[in-house]
Structures are given as structure tokens and as C-alpha cells.
Amino acid sequence: MAEQQDTSVSPVRVAVAQFEPRVGVENLKANALAVETRLRAAADSGAGLIVLPELATTGYVFETREEAFAHAEAVPDGPTVQSFVRLAAERDVYIVGCVVEQDGQRLFDTAVLVGPEGYIGRYRKTHLWNTEKLWFTPGDEGFSVFDTRIGRIGLLVCWDIWFPETARIVAQMGADIICIPTGWVWTPPPLYDASGVCMAAYLTMTAAHANNVFIATADRIGQERGAGFMGNSLIAGTNGWPIGRIAGPEEDTILYADVDLTAARTAPIWNQLNDLHRDRRTDLYDQMLGYRGGSPLPR
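Residues numbered from 1 in each chain as written. Predicted model: local features only at pLDDT ≥ 70, side-chain atom pairs only at ≥ 80, totals over all residues. Heavy atoms only, no water.

The name given to the protein in an unreviewed UniProt entry is Nitrilase family protein, and the organism recorded there is Actinoallomurus acaciae.

1. Description of the pattern of salt bridges
Two side chains carrying opposite charge are able to pair once their charged atoms lie near each other. All told, the structure shown has 26 salt bridges when counted by the stated rule. One salt bridge connects arginine 225 with glutamate 63, and the closest N-O pair in it is separated by 3.8 Å. Here glutamate 63 lies in the loop between strand E2 (49–51) and helix H2 (65–70) and arginine 225 lies in the loop between strand E10 (223–224) and strand E11 (227–228), a separation of 162 residues in the sequence. Linked through salt bridges whose partners overlap, the residues forming this network are Glu101, Asp103, Arg106, Arg122, Arg124, Asp140 and Glu141. (Salt bridge = Lys/Arg side-chain N within 4 Å of Asp/Glu carboxyl O. Helix = DSSP H or I, 4+ residues; strand = E, 2+ residues; numbered from the N terminus.)

2. Here we look at the nonpolar core
In this structure, Leu49, Leu155, Ile177 and Ile178 are the most contacted members of the largest nonpolar core, which totals 70 residues. Looking at which element gives the most residues to this core, the answer is helix H6 (residues 199–211), with five residues. Discounting chain neighbours no more than four positions away, the residues touching isoleucine 178 are Gly154, Leu155, Leu156, Ala167, Val170, Val213, Phe214, Ile215 and Ala216. The next biggest cluster of nonpolar side chains, apart from the first, holds 24 residues, and it includes Ala42, Ala47, Val75 and Val93. (Core = buried A, V, L, I, M, F, W, Y, C linked by side-chain atoms within 4.5 Å. Buried < 20%, exposed > 50% of the residue type's maximum accessible area, 1.4 Å probe, protein only. Contact = heavy atoms within 4.5 Å.)

3. What to know about the sheet that holds strand E7 (residues 151–155)
Within the open sheet, the five strands sit side by side as E6-E7-E8-E9-E12. Their pairing is mixed. Whereas interior strands pair on both sides, the edge strands pair on one side only; in this sheet they are strand E6 (145–148) and strand E12 (234–236). Averaged over all adjacent pairs, the angle separating strand axes in this sheet is 20°, with direction ignored. Where E6 lies against E7, four bridges are found, and the strand directions are antiparallel. The residue of E7 that forms the bridge with aspartate 147 is arginine 152. (Pairing = 2+ DSSP bridges. Axes fitted to C-alpha atoms, helices over the stretch in contact; angles between N-to-C directions.)

4. Brief notes about the pairing of E7
Among the five residues of E7, five are classified as buried, and the element is accordingly described as predominantly covered. A loop of two residues connects E6 with E7, the two strands running antiparallel in sequence. Once you follow E7 into helix H5 (residues 164–172) and on to strand E8 (residues 177–181), the crossover reads as right-handed. (Right-handed = clockwise from strand over helix to strand, strands pointing away.)

5. With respect to the side chain of arginine 220
Here arginine 220 is to be found in the loop between strand E9 (214–218) and E10. From its side chain, arginine 220 meets the backbone oxygen of proline 21 in a polar contact 3.1 Å long. (Polar contact = N/O pair within 3.5 Å; in protein donor to acceptor, adjacent residues only side chain to side chain.)

6. Structural notes on the packing of aromatic side chains
Per the counting criterion, the structure on display carries six aromatic pairs. Considering the side-chain rings of tyrosine 60 and phenylalanine 229, the 5.9 Å spacing of their centres and the 90° angle between planes classify their relative orientation as edge-to-face. Separated by 169 residues along the polypeptide, tyrosine 60 in the loop between E2 and H2 and phenylalanine 229 in the loop between E11 and E12 bring together distant segments of the chain. Overall, the relative accessible area of 2% leaves phenylalanine 229 in the buried class. Between tyrosine 123 and phenylalanine 143 the ring centres are 5.9 Å apart and the planes differ by 15°, which places this aromatic pair in the stacked class. Of this pair, tyrosine 123 sits in strand E5 (residues 118–124) while phenylalanine 143 sits in the loop between helix H4 (132–135) and E6, and the two are 20 residues apart along the sequence. Grouping residues by exposure puts tyrosine 123 and phenylalanine 143 together as buried. Through a chain of ring-to-ring contacts, the aromatic side chains of Trp129, Trp159, Trp162 and Phe163 assemble into a single cluster. A cation over an aromatic ring shows up here: arginine 124 above the ring of phenylalanine 108, its NZ or CZ 3.8 Å from the ring centre. (Phe/Tyr/Trp six-rings, centres within 6.5 Å; stacked < 30°, edge-to-face > 60°. Lys NZ or Arg CZ within 6 Å of the ring centre and 35° of its normal.)

7. Here's the deal with the side chain of glutamate 67
Structurally, glutamate 67 is set in helix H2. You can call glutamate 67 buried: its relative accessible area is 15%. Apart from the residues lying within four places of it in its own chain, the contact partners of glutamate 67 are Gly24, Val61, Phe62 and Arg225.

Here it is as C-alpha cells:
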């Protein structure tokens, strides 16, 4: 029997790293080493796109603004982003990380994308959770989708996924995959359903399903200063279902999925008469839900 030819035009192994960083300037070196170890492990396993948890090199639960500033750095010139740049060039990978960004007297919860060619771009978290509002300024640069040689990569951060407009807009801007560093904290119970899956994971799957887009979420685990974290990192396919499995609530692990990223540009035709994107009633709302910070790209 003849071997079936691989017709993928943008094949890539996506990896999401789930582990437990620790807050405190005394832990910055250990966190950086933990991140580098996981980036190298993922690259060794063939990953071409690696997503890290929210604030993976700093920890999350700050107690004062002064402490938040002590963990902050410039983007893209700070040490964390530059370490991503060096490793991405060395291993020929794309990395999505998340740092406390300092811009003058303002702090942002910022996702960054780097690749073999260097720093590509950033996204400043739009929706701030709980005490984040005491340290961070809400994102002021809107949404972005970055064209790379493996496909179009969009960025969100954590709490953003509760707002369906965010994934919709980034998908309409042409994203093939949305990468989401997360720090999903414990919410009012029940934390998980009977299968051990939290609501945030279902919201991620729903966003992927409703927008016909890959979504890679990397969460953290453990407890920090009274806050517990959910785990449940996953990589959702364009149909919404996880590719492979959802990480457990307490697993220190890396999940992988082999995908053809530009498959997201094929509109999901459900039956003879229904097409997810063509069925949108843009006569009642505009194509970008009122967003003026970018233009829709064909998918």
C-alpha cells in the first residue's frame, strides 16, 4: 500500500508548558531556570511553537505595587525577553511568554512573541483580574495578529478568554492560532466537573469551536499566597475539542499537538446550508464588533 502523502502546508508541533513558578525576587533566577529547562525540553521534543504560563518567570500574587515593580522589566529589552530571543534563535522555535512589563511609571501584564528572527511583538492584557487592577494598567495597544513563517499567531492573556469578543476579534484579524498564557485561579466551587476539567478549559474549547481557530493555553499549578491555580492546560483544535488531552490540575508537564496551522483558514461548513463565518449577521453588527484597532484578514 502506498504511503499517504502529507499535504500540510504549515505543519508545526505546538507545546504548552505547565508548572509552578514562585513569586518573590529571590525566586527570579530559579523561575528563569525552570522556564529555560522546559523550553529546551519542548524544543528537544520537536516543538516549533512553545507557550508558557502567565508571568512564568515572576510568579503572580504580588502584595504591593512596589513588589510588582521589583519584578518588572522593559519589553523587548529586558532580560527575560532577551533570553527568549537567544533561545528561539538557537533552537529555531517560536516562544510565547508573559512578563511584568514596565513602561515608565506604568506596569502591564504583557504577552510577548519571539521567533528565530528575534522579537516579533507584544500584547498587553486587556481585562485585568482582581488585584491585577492595583498593579497593572489595562492594555492600551489593542489586539494584534503576527504573521510568521509557521502561520498567523494571535495573543491573549488568561481572564481575556471569559470575554468572547476577544477571541472573535483576534480570529477575525486572521489568527490561525491564539496563544494564551494563563494563571487561572480557583473560582467559586465547584472548581472542576466530574472529569476534572475546569470552566476556563471549557471556555477555551468554546472559543476555538465558535471561531474555527486553534487555541493553545498554558496554565500554572500550585498555590501562592492563598491563591490556588487550576492547571488544565490544553491545545484545542479548530473544532474545539482538545488535541490529545487536558493536563491535570496538579501536573508539572508539557503537552504537545501536531497541527497544520493554516487549516484554520478553511471555513467550517457544518452541512449543506450552514457555514460558521458566512452565517454571521454582519448586517446587524460590523465584521469586527466595533473594533477599530485592526483590519479583518481573510481566513
